[in-house]
Protein chains: 2
Amino acid sequence: MRKVAILGVGQTAVGEHWDKSLREIGGEAAFAALQDAGMERADCLYVGNMLSPLVDGQNQLGAFLADWIGAWHQEATKLEAACGSGAAAFRAGLMAVASGEVDSALVVGVEKMTDKAGHDVTAALATAADADYEVEQGVSFVGLNALIMKRYMHEFGWKHGDFAAFSINAHANAVHNPFARLRETISPERFETSAMIATPINLLDASPIGDGAAAAILVPADRVTSGPGRPRVIVTASASATDTIAVHSRRDPMFLAAAAQSAKQCYDMAGVGPPDVDLFELHDAFSIMSALSLEACGFADRGQGVRLGLDGEISITGRVPICTRGGLKARGHPVGATGMYQIVEIVQQLRGECGETQVKSASIGMAQNIGGSGATVLTHIIKAEKRDLHKRGYVRRARNTGLAP
Amino acid sequence: MRKVAILGVGQTAVGEHWDKSLREIGGEAAFAALQDAGMERADCLYVGNMLSPLVDGQNQLGAFLADWIGAWHQEATKLEAACGSGAAAFRAGLMAVASGEVDSALVVGVEKMTDKAGHDVTAALATAADADYEVEQGVSFVGLNALIMKRYMHEFGWKHGDFAAFSINAHANAVHNPFARLRETISPERFETSAMIATPINLLDASPIGDGAAAAILVPADRVTSGPGRPRVIVTASASATDTIAVHSRRDPMFLAAAAQSAKQCYDMAGVGPPDVDLFELHDAFSIMSALSLEACGFADRGQGVRLGLDGEISITGRVPICTRGGLKARGHPVGATGMYQIVEIVQQLRGECGETQVKSASIGMAQNIGGSGATVLTHIIKAEKRDLHKRGYVRRARNTGLAP
């Protein structure tokens, strides 16, 4: 298969976009990515979305979005893997270009969630769990994560406050991301005293939903060269794995087996290991998920993911910077779009466009997008091929990779 | 890219399976395909489904079904393109194998629609149309097709009774298909006098919904050889195209532009033309769609698709046999599964397993699966490489390609 490069990226701010429809949000990110790539159109369109049938009454988002952006008659389709939908679409676009079937692919992750009242969205999100054997018992999605977190705290002896570092880090980074939803720092005190949602998960353990879209343009790597201020960004590894849909079916509900498997496949494929990863955009839908992802991907021993937060290793200057643009926690979690936000943010880091939260000399980024409570996991490793740009002073200021805000 | 063969197929009967859940139906077809291919598992799973979030409260059907069939930790994802979801999943599986990313793919189209009352399913199906600009006006999916049919009759001077041949042919063929939902012949009189749904579409113009699943195993062609009674079945062409999501946005609502485009791409790819196609499994969700598909794919001039029915050219012994196992009209239309039923039925024809409705010496079959009112169209051409099996008397009786009925 051919090597594939990410030529352009785009995104909308995550928020409550009452003035913009599903298609407008998706189109905005798509056009931003096309503009960033210097292209008028791509050969095909892959859309990642989870909730539009339920929340927007709209299916068939491939044709729907192709129509809106004027990509008439083009191949277009939608992939859905719950909150892993964005990366699922990215992987489909990657395979289409890598196989030679097309010469360019536009991938858009899009979600419009805030036009419905809270209850509906909670029910809609629960469709990521097992309808017959989990949801039927009355458990919501946050409820499932609460059960996992409670068990983890019991098993490994952590207190709730030990998880604060994950949220504090995410919020601190989001302040510098104009596309993030929650651009404010939080203190350990505020973390500990925020409203309880499902014990032990409180408001600041959980990521906020939102409307948003993020997009990327994929092309064969041999058609792209590194330029001043613009390294060639290559997808060096892609893997997808699954676990049981229901948490109760797992041998060990505190181990993200599919995350471990897809990460291992990616490490093998890219010929790298955890120490080589300069930043890791992980799926921090809840603070417990940050700990579990770090453990599954080899950055911490079992039960010790929390320590990376306590030791400051997850900050921009730490051993494994995570949520460098705010993560799900503070950039926001427009579920089907999240996987694409992670990709866009890694590209921004590899290009050196992140200002205050720039990871110094970042050349390898890993993204991990999770559907359900670990049932579908997609991991990607992305690498910048640069000519020592920072040393030459090429990378001076952030590029605008979106139309908004 | 590598040539890809269909090694095994499986299906469940289409019907109201009150005793079987979504996962049971999908699993049944998956196991039937694996058994038919003589395999215990494939490398990955692609699922086509449209309505499960809305009708079954279940998303993430990739991991969901992989879990149920015991394909733990395997890559699995879902594709959705309204009623074109089945073929969208097939094309994704095809690309995964053709690219070399995997060595085998299981593709399952599955839909469980009958657990909800009629009104809910009508609303759910309307998500295939444009929520903002079509559905918002109160138009249902059958309503959109009725507008197209009425205009077609006016424009080209056909009477409602002229469409009878499509339904009569589909029902006649379904009688011999043990997996079909409506196994009874209908008369021209009954066609004309059946209950009106949305003028001019009456009950017998419309395909019935249903629960059902159909599946196929894809492998590299070079790992398969033709054997006695079992030709090597190759996918020689695959193409996907889109049109505007709303019917009113089209220059000509009576021309299926995406069907024409994807068919043309397939003809070019396979090096064949309409006269070479031995059977055509088209998307007869409504009788008008049969006429439009035949025209778009070059089997009839504009406005003359109906004549093929009147002249008997669509029957098993005609120039272009369609709906050879009953089509959507009589086999039934479990929406996200339909595209895979078409593939399974073509494989059965190419293997010579269709008894009374066997198309003699069939070696090239074309399948066309349509999402929405022509917004997403996927076309595939499938070819049998046989060693004159019929002459040698190898093909004597139908193989069982499913566990039920």
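Residues numbered from 1 in each chain as written. Chains lettered and ligands numbered in written order. Predicted model: local features only at pLDDT ≥ 70, side-chain atom pairs only at ≥ 80, totals over all residues. Heavy atoms only, no water.

### Observations concerning the relation of the copies chain B and chain A
Logical step 1: In screw terms, the move from chain B to chain A is a rotation of 180° and a rise of 0.0 Å along the axis, fitting with an RMSD of 0.0 Å. On this basis, the relationship between the two copies can be described by a two-fold rotation axis.
Logical step 2: When you check the interface residues of chain B against chain A, 100% turn up at the interface there too, and the contact is symmetric in its surfaces. (Least-squares fit on C-alpha atoms with pLDDT ≥ 70 in both. Contact = heavy atoms within 4.5 Å.)

### Considering the interface of chain B and chain A
Logical step 1: Taken together, the contact pairs 56 residues of chain B with 56 residues of chain A.
Logical step 2: Here chain B meets chain A over a buried area of about 4,400 Å², counting both sides, of which 47% is carbon and sulfur.
Logical step 3: Taken together, chain B and chain A are joined by 10 salt bridges.
Logical step 4: For Glu75(A), the salt bridge goes to Arg91(B), with nearest N and O atoms at 2.7 Å.
Logical step 5: The interface formed by chain B and chain A includes 32 residue pairs in polar contact (both at pLDDT 80 or more).
Logical step 6: Of all elements in the fold, only helix H2 (52-56), helix H3 (61-68), strand S3 (75-80), helix H4 (85-99), strand S8 (232-242) and helix H9 (257-270) of chain B reach the threshold of two or more residues within the side of chain B that touches chain A. (Buried area = accessible area lost by both parts, 1.4 Å probe. Salt bridge = Lys/Arg side-chain N within 4 Å of Asp/Glu carboxyl O. Polar contact = N/O pair within 3.5 Å; in protein donor to acceptor, adjacent residues only side chain to side chain. Helix = DSSP H or I, 4+ residues; strand = E, 2+ residues; numbered from the N terminus.)

### Re helix H13 (residues 338-351) of chain B
Residues and elements named next belong to chain B.
Logical step 1: Here H13 spans 20 Å end to end across 14 residues, near enough to the 20 Å set by a 1.5 Å rise per residue.
Logical step 2: Burial analysis of H13 places 14 of its 14 residues in the buried class, the great majority of the element.
Logical step 3: Positive phi appears at glycine 352, one or two residues downstream of H13, with a value of about 75°. (Expected span 1.5 Å × (residues − 1). Buried < 20%, exposed > 50% of the residue type's maximum accessible area, 1.4 Å probe, protein only.)

### What about the pairing of strand S1 (residues 4-11) of chain B?
Residues and elements named next belong to chain B.
Logical step 1: Across the eight residues of S1, seven count as buried, placing the element largely inside the fold.
Logical step 2: Pairing of S1 with S8, which is carried by two bridges, proceeds in the antiparallel orientation. Looking at the pairing, alanine 5 lines up with isoleucine 234 of S8.
Logical step 3: Note: S1 against strand S7 (residues 212-220), seven bridges, orientation antiparallel. Looking at S7, one finds that isoleucine 6 is bridged to leucine 218. (Pairing = 2+ DSSP bridges.)

### Overview of the pattern of salt bridges
Residue and element names in this part refer to chain A.
Logical step 1: In total, this model carries 46 salt bridges over all chains according to the counting rule given.
Logical step 2: Note that lysine 3 is salt-bridged to glutamate 385, the shortest N-O span being 3.6 Å. Highlighted residues: lysine 3 in the segment before strand S1 (4-11) and glutamate 385 in strand S11 (residues 376-385), separated in sequence by 382 residues.
Logical step 3: The class of lysine 3 is partly exposed, set by a relative accessible area of 47%.
Logical step 4: Arginine 232 serves as the salt-bridge partner of glutamate 385, at 2.8 Å between the closest nitrogen and oxygen. Note that glutamate 385 is positioned in strand S11 and arginine 232 in strand S8 (residues 232-242), a separation of 153 residues in sequence.

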